[in-house]
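# Notes for the structure review
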Amino acid sequence: MKQLLTLFILLLSLASFANEPLLQNTYSREGISLNGRWNYIVDVYESGYYNYRREPHDQTENPGSGAFFLNKKAKSKQERVEYDFDYAPTMVVPGDWNSQKENLFYYEGTLWYKKSFDIPDFDPTQRYYLHFGAVNYVADVYVNGQKLGTHKGGFTPFNFEMTDVVQSKDNFVIVKVDNKRSADEVPTLSTDWWNYGGITRNVTIYALSETFIEDYSLQLDKENDGLISGYVRLNGNHKGELEVTIRIPELNIKEKVKTNKEGFVKVDFPVKNLQKWSDQSPILYDVILSTENDKVEDRIGFRQIKTQGADILLNGEKVFLKGIAIHEENVMRGGRAYSMEDAKILLGWAKELGCNFVRLAHYPHNENMARLADEMGLLVWEEIPVYWTIEWTNETTYQKAEKQLTEVITRDKNRASVIIWSMANETPQSEERLTFLTRLAKSTRQLDNTRLITAALEDHGKKEDPNIMVVEDKFADVVDILSFNQYYGWYGGTVENIKNIRWEIDKNKPVIISEFGAGALQGYHADENTIWSEEHQDLLYRETLPTLAKIPQLSGISPWILVDFRSPRRMHDVYQNGWNRKGLISETGNRKKAFYTLQNFYKKVVDTL
Ligand code: GCU
């Protein structure tokens, strides 16, 4: 009997892995923010999760007194409870723990968070959801001692319904966060960025009507300027068809559609006098979707993106992507960026550089980045951390990658600025990796066939002539845009020889150089042949840019990288100190010489390409 019960509890907990459908556009919904100071307990041995027989407390019949998710309090002077969140220290949510607590700077492990909350205007007829912008890396979420579920993946949103466990007052949420790296995860063990752990983005409660607007997509048809297509999906125990109204007031559009019995409806409606969104003219329209009991508002830009031979066409016009790569860090505050203010700093610097394009590396950034890019007129490359040596033959690893991709596509599919989904970065070639990535690309096209697919591949010099660089990668046949990272003059080759190299690209596809660069310690000045000096980094840019410009299919570049970023791989104590120094801006916000060389290139040269 005990085994049966344990099995049932185990199945129940596994079911919680299958997270609920992601709520579309929580960004614009009024929610109850749980941001602020949360109590936390560092749990190196995970004794708050496992009993002394290494059985998870939340999967045993009687969770022991050490089960942190119960938020136990001693009820008498004899009762033994060996933790108490209310006497534990606090840290700010959102925010990684590494940059908040010096003794957690290098911490990789489990840490528990706890927050008490009331629900003002509690309405028992409403449905209550708990939404996380992201938690790195595994989150086990409990409310009032009940497990809502588990989410894996450090950079994408998720939510759980908690209607049946919350009340108007005296609620508490407890989250177990584990940021340990693992070979079978996405990313895997080895990366070139800091493994910031914690609840790194907003936490919000949403009160929704019994039947609400769960998801929708609205895009300008790829081939027909006069047609907006998409769908709406409702969530609720409604019976029969329901009416949905879609309004775009500035276009005099008021479409009434009826869902099927499952609450789903495909939409296609004519549009006139539309001003398309572009980097030069980032026009967004107010869109209001409503049903009898729910309403959600969005700001959506309508545009078309496609390739034609080696050109990228935005609204039918050839566009050159003057880009820069960006990691998600606010280096001046320290740690993971998460706010609109952080986004304004990073994208403001990109605009100052003269960019119309940003590569958000190497994982989905917080939603403010794509939202702000919509407003500013920046084209965006988004990617998931299928990075380096992923476990290509591990089916659960593939499922994790596909889930992260699904979550970021669900979140950002209505963002005009996002034009590229990238499948991977610098992944070692093999049949298994090709199968994995091709499957990922197929899934992406099924989820969203309106955007372009790429991956950051790698080049190498020909044996017979190392000055001729080639990209020999079967995945190049699958992608829409052929992107590759090239570090000639930094990882191999010499800066002096850059002018003598050229690329032999045998694909009639647009080419993006998704990375190139050199490290420099801001403020360190020497002759241009002295590595780590600003002059040396600048020389590499001055030599590389005109050489890349000779690639006939060149349609964009995103040099590595806008700002110096933390990495445990960069340990030279004079020049790096735990920072990857390829930034054009230092972690103190100071520009390096190469910043102005790239700015100049974007101002003067690019338009002649
Ligand atoms: C690689 C990789 C980056 C890394 C960079 C570097 O191309 O894609 O993540 O930071 O090179 O070595 O600086």
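### Here's the deal with the side chain of Asp 448
- Tracing the chain through its elements places Asp 448 in the loop between α5 (431-447) and β25 (452-458).
- Within the local environment of Asp 448, its side chain forms a polar contact with the side chain of Thr 450, the two groups lying 2.6 Å apart.
- Looking at Asp 448, its side chain comes within polar contact range of the side chain of Arg 451, at 2.8 Å.
- For Asp 448, the contacting residues outside a window of four places in its chain are Gln 219, Ile 409 and Trp 421.

### Observations regarding the site of the ligand
- Taken together, 14 residues form the shell around the ligand, and within it Asp 192, His 362, Glu 426, Tyr 491 and Glu 515 come nearest.
- At a separation of 2.8 Å, an oxygen atom of the ligand approaches a polar side-chain atom of Asn 425.
- Between the ligand and Tyr 487 there is a distance of 3.4 Å, counted from an oxygen atom to a side-chain nitrogen or oxygen.
- Burial of the ligand by the protein chains amounts to 97% of its free accessible area of 320 Å².

### Thoughts on the packing of aromatic side chains
- For the structure on display, the rule yields 34 aromatic pairs.
- Taking the centre distance of 5.1 Å and the plane angle of 80° together, the rings of Tyr 398 and Phe 436 count as edge-to-face. On the criterion of sequence distance, the pair formed by Tyr 398 in helix α4 (residues 395-412) and Phe 436 in helix α5 is long-range, its members being 38 residues apart. Across this residue pair, the class does not change: Tyr 398 and Phe 436 are buried.
- In this arrangement the basic side chain of Lys 176 is found over the ring face of Tyr 49, its NZ or CZ atom lying 4.9 Å from the centre.
- Sitting over the ring of Tyr 398, Arg 439 keeps its end group 3.8 Å from the ring centre.

### Here's the deal with the domain arrangement of the chain
- According to the domain assignment, the chain contains domain 1 (2-208), domain 2 (213-303) and domain 3 (315-604).
- In this assembly, nine residues from domain 1 lie in contact with 11 residues from domain 2.
- With both chains or domains summed, domain 1 and domain 2 bury close to 750 Å², and 36% of this area falls on carbon and sulfur atoms.
- Taken together, the links from domain 1 to domain 2 amount to one salt bridge.
- Note that Arg 29 is salt-bridged to Asp 294, the shortest N-O span being 2.7 Å.
- Where domain 1 touches domain 2, the interface holds nine residue pairs in polar contact (both at pLDDT 80 or more).
- Residue classes in the side of domain 1 that touches domain 2 are distributed as four nonpolar, three polar and two charged.

### Some details on the sheet that holds strand β30 (residues 511-515)
- What the eight strands build is a closed barrel, ordered β21-β22-β23-β24-β25-β28-β30-β31; its pairing is parallel. Recorded for the sheet is a direction-independent mean angle of 30° between the axes of neighbouring strands.
- Strand direction decides the pairing type here: β30 and strand β31 (residues 554-557), joined by three bridges, are parallel. Residue pairing for β31: Ile 512 is matched across the bridge by Gly 556.
- Packed on one face of the sheet, α4 meets β23 (379-383) and β24 (418-425) and runs near 170° to β24.
- Strands β21 (321-326) and β31 of the sheet are contacted by helix α7 (residues 593-605), whose axis makes an angle of about 155° with β21.

### Details of the packing of helix α2 (residues 340-353) against helix α3 (residues 367-376)
- Relative to each other, α2 and α3 sit at 50°, their axes nearing to 9 Å. Here α2 lies oblique to α3, going by the angle between them. Regarding α2 and α3, the two cross each other, and that crossing is right-handed. Of α3, the residues touching α2 (which contributes Met 340, Ala 343, Lys 344, Leu 346, Leu 347, Gly 348 and Lys 351) are Asn 368, Met 369, Leu 372, Ala 373 and Met 376.
- Considered class by class, the residues forming the contact of α2 with α3 number eight nonpolar, two polar and two charged.

### With respect to the environment of Ala 416
- Structurally, Ala 416 is set in the loop between α4 and β24.
- With a relative accessible area of 2%, Ala 416 lands in the buried category.
- When the C-alpha atoms of Ala 416 and Ala 370 are compared, they prove to be 8.6 Å apart, with 46 residues separating the residues in sequence.

### With respect to the side chain of Ser 483
- With respect to the helices and strands, the residue Ser 483 is situated in strand β28 (residues 482-485).
- Within the structure, Ser 483 has its side chain in polar contact with the side chain of Thr 454 (distance 2.7 Å).

### Things to note about α3
- Of all the 10 residues making up α3, eight are buried; the element is thus mostly covered by neighbouring parts of the structure.
- Taken together, the buried positions of α3 are Glu 367, Asn 368, Met 369, Ala 370, Arg 371, Leu 372, Ala 373 and Asp 374.
- Looking one or two places after α3, you find Gly 377, whose phi comes out positive at around 80°.

### Here we look at unusual backbone geometry
- Note the cis peptide between Asn 136 and Tyr 137, where omega equals 20°.
- The step from Val 186 to Pro 187 runs through a cis peptide bond, and the omega angle for that step is 15°.
- Along the chain, Pro 187 falls in the loop between β9 (171-178) and β10 (203-208).
- Located in the positive-phi region is Asp 170, a residue other than glycine, with phi close to 60°.
- When its relative accessible area of 60% is taken as the criterion, Asp 170 is described as exposed.
- One non-glycine residue, Asn 577, adopts positive backbone phi at about 50°.

Parameters at a glance
Residues numbered from 1 in each chain as written. Predicted model: local features only at pLDDT ≥ 70, side-chain atom pairs only at ≥ 80, totals over all residues. Heavy atoms only, no water. Helix = DSSP H or I, 4+ residues; strand = E, 2+ residues; numbered from the N terminus. Polar contact = N/O pair within 3.5 Å; in protein donor to acceptor, adjacent residues only side chain to side chain. Contact = heavy atoms within 4.5 Å. Near = heavy atom within 4 Å. Areas by Shrake-Rupley, 256 points an atom, 1.4 Å probe, with all protein chains shown as cover. Phe/Tyr/Trp six-rings, centres within 6.5 Å; stacked < 30°, edge-to-face > 60°. Buried < 20%, exposed > 50% of the residue type's maximum accessible area, 1.4 Å probe, protein only. Lys NZ or Arg CZ within 6 Å of the ring centre and 35° of its normal. Domains from an automatic or database assignment. Buried area = accessible area lost by both parts, 1.4 Å probe. Salt bridge = Lys/Arg side-chain N within 4 Å of Asp/Glu carboxyl O. Nonpolar A, V, L, I, M, F, W, Y, C, P; charged D, E, K, R; others polar. Pairing = 2+ DSSP bridges. Axes fitted to C-alpha atoms, helices over the stretch in contact; angles between N-to-C directions. Parallel < 35°, antiparallel > 145°, perpendicular 65-115°, else oblique. Left-handed = near helix turned anticlockwise from the far one by under 90°.

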